[in-house]
Amino acid sequence: MITLQTEFANRKGKILRGTVTLPGAAGPYPVVVNLHGFGGSRMGYKSMHVSMARELAAAGIACVRYDFYGNGESDGEFEEMTFTSLLEDSEDIWAWTLSQNWCDRERMILSGQSLGGFVAASAAPRVSEKLLILMCPGAGMWFGCAERSREMEKKGILFGDIEGLKFSHDFNYDLARYNPFEDAKGASAEKVLIIRGTADKLVDDRTCETYLALYPQGSVYKKIENANHNFASINHRRELNETIVSFIKENI
């Protein structure tokens, strides 16, 4: 296994910083491009994306994980992030991955967790993925997003405090211009895997089922019993990773 710390300039000249995990020096390999969640980083909650990348590498699959602009170690401040910037970053990360000599361009997988799953579903029609993986896709934050910000501004609350991160109302006003399920239509994925823990209090069954109905026959909605939004137990994380690896190996 080889781990590379990487960076490149996105379309606006801002530096995005990331990690690539490769099965070995040879290649090319099928590649998972994984998108992190709201207020998070490429590591994921309690390093969940790191463990996924290592399991993928052990199965002969590369993984690319970047911090979005305004997140983690990438340039910018959290308050500068918009849904549009997340989509643009996703496209730029995808294009960067395509340019690497270890990338098998015919076997690329787009993946995301929470907000990253929402972004992945919306970005999929903009790229050319063979498979799509949505871990508890957080499309619910779209509903009433502009109204929430307007109500906060009426009360004189000029920004949200997300556990120390300054969250701009501009994000919600920008997000309101999109529609998660309409925007997800037209993805090129041959099959889609949607995963949710049954104890997830942030993403519900209806969201996942609505996404599933958009995708080709043979797509799968997998429920992990008693898992929460971050699959935060040893057994739940093991099941998550095994499900992802099996899905890719069966369909790539």
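Parameters at a glance
- Residues numbered from 1 in each chain as written.
- Predicted model: local features only at pLDDT ≥ 70, side-chain atom pairs only at ≥ 80, totals over all residues.
- Heavy atoms only, no water.
- Salt bridge = Lys/Arg side-chain N within 4 Å of Asp/Glu carboxyl O.
- Helix = DSSP H or I, 4+ residues; strand = E, 2+ residues; numbered from the N terminus.
- Buried < 20%, exposed > 50% of the residue type's maximum accessible area, 1.4 Å probe, protein only.
- Pairing = 2+ DSSP bridges.
- Right-handed = clockwise from strand over helix to strand, strands pointing away.
- Lys, Arg positive; Asp, Glu negative; His and termini not counted.
- Polar contact = N/O pair within 3.5 Å; in protein donor to acceptor, adjacent residues only side chain to side chain.
- Contact = heavy atoms within 4.5 Å.
- Axes fitted to C-alpha atoms, helices over the stretch in contact; angles between N-to-C directions.
- Phe/Tyr/Trp six-rings, centres within 6.5 Å; stacked < 30°, edge-to-face > 60°.
- Arc of directions from axis to C-beta.
- Expected span 1.5 Å × (residues − 1).

K.L.:
I tried to follow the pattern of salt bridges on my own but got confused; where do I start?
P.N.:
Note on pairing: side chains with opposite charge can pair once their charged atoms come close. Enumeration over the complete set of coordinates arrives at 18 salt bridges. For Lys-154, the salt bridge is made with Glu-151, and the minimal N-O distance between the two is 3.3 Å. Of this pair, Lys-154 and Glu-151 both sit in helix 4 (residues 145–154), three residues apart, roughly one helical turn. Classification of Lys-154 as exposed rests on a relative accessible area of 66%. Residue class for Glu-151 comes out partly exposed when judged on its relative accessible area of 41%. Linked through salt bridges whose partners overlap, the residues forming this network are Arg-11, Glu-91, Asp-92 and Arg-126.

K.L.:
Even after reading the chapter, I still don't get the pairing of strand 8 (residues 165–168), so can you show me in this structure?
P.N.:
The side chains of a regular strand alternate, residue by residue, between the two faces of the sheet. Direction of pairing for strand 7 (residues 159–162) relative to strand 8: antiparallel, over a ladder of four bridges. Within strand 8, the position partnered with Phe-159 by the bridge is Ser-168.

K.L.:
I would appreciate a short explanation of the pairing of strand 6 (residues 131–135) in the present structure.
P.N.:
Taken across its five residues, strand 6 has five buried, putting it largely inside the fold. Across the two faces of strand 6 the burial is the same, with Leu-131, Ile-133 and Met-135 and Leu-132 and Leu-134 all buried. Looking at chain direction, strand 5 (residues 103–113) and strand 6 are connected through five bridges and run parallel. Looking across to strand 6, one finds that Ile-109 is bridged to Leu-131. For the handedness criterion, the β-α-β arrangement of strand 5, helix 3 (residues 115–123) and strand 6 is classed as right-handed.

K.L.:
How should I be thinking about the side chain of Glu-129 in this particular structure?
P.N.:
With respect to the helices, strands and loops of the structure, Glu-129 is situated in the loop between helix 3 and strand 6. There is no salt bridge for the buried Glu-129, and the closest opposite charge comes from Arg-126, which lies 11 Å off by N-O distance. At 3.0 Å, the side chain of Glu-129 forms a polar contact with the backbone nitrogen of Ala-189. Not counting residues up to four positions away in its chain, the partners in contact with Glu-129 are Trp-94, Met-108, Leu-110, Ala-124, Ala-187, Ser-188 and Ala-189.

K.L.:
I tried to follow the sheet that holds strand 10 (residues 220–224) on my own but got confused; where do I start?
P.N.:
What holds strands together in a sheet is hydrogen bonding between their backbones, with the strands either parallel or antiparallel. Reading across from one edge, 1-2-4-3-5-6-9-10 is the order of the eight strands in this open sheet, with mixed pairing throughout. Edge positions in the sheet fall to strand 1 (2–9) and strand 10, since each has one partner strand and no second. Neighbour-to-neighbour, the strand axes of this sheet turn through a mean angle of 20°, independent of strand direction. As judged from the four bridges shared by strand 2 (residues 15–22) and strand 4 (residues 62–66), these two strands associate in the antiparallel manner. Within strand 4, the residue paired with Thr-19 across the bridge is Arg-65.

K.L.:
I would appreciate a short explanation of the environment of Val-50 in the present structure.
P.N.:
Tracing the backbone through its elements, the reader meets Val-50 in helix 1 (residues 48–58). Val-50 sits in the buried class, given a relative accessible area of 11%. In sequence terms Val-50 and Thr-21 are 29 residues apart; their C-alpha atoms lie 8.9 Å from each other. When neighbours within four sequence positions are excluded, Val-50 is seen to be in contact with Met-43 and Arg-65.

K.L.:
I keep staring at the packing of aromatic side chains and nothing clicks. Help me out?
P.N.:
Here the distance between the centres and the angle between the planes together describe a pair of aromatic rings. Evaluation of the coordinates by the stated rule reveals 13 aromatic pairs. Ring plane angle 75° and centroid distance 5.2 Å describe the contact between Phe-8 and Tyr-66, whose orientation is recorded as edge-to-face. Taken together, the positions of Phe-8 in strand 1 and Tyr-66 in strand 4 put the pair 58 residues apart, joining distant regions of the chain. The two residues Phe-8 and Tyr-66 agree in class, both being buried. Ring centres of Phe-83 and Phe-118 lie 4.7 Å apart, and the angle between their planes is 40°; on these two criteria the pair is classed as tilted.

K.L.:
It is not clear to me how helix 4 should be interpreted in this structure. Could you clarify?
P.N.:
Along an α-helix, residues three or four apart share an orientation, since each turn contains 3.6 residues. Within helix 4 the residues assigned to the buried category are Cys-145, Ala-146 and Ser-149. The arc that holds the buried residues of helix 4, viewed along the axis, is 95°, so those residues lie on one side. Residues of helix 4 that are buried in the fold lie against helix 5 (169–175). Note on helix 4: the residue one or two positions beyond its end, Gly-156, has a positive phi of about 80°.

K.L.:
Where do I start with helix 2 (residues 83–98) in this structure?
P.N.:
End to end, helix 2 covers 23 Å across 16 residues, agreeing with the expected 22 Å (1.5 Å per residue, within 8%). Summarising burial for helix 2: 14 of the 16 residues are buried, a large majority.

K.L.:
For this particular structure, what's the right way to read the side chain of His-49?
P.N.:
Here His-49 is to be found in helix 1. What His-49 contacts, discounting residues up to four positions off in sequence, is Asn-34, His-36, Ser-41, Arg-42, Met-43, Gly-44, Arg-65 and Gln-113.

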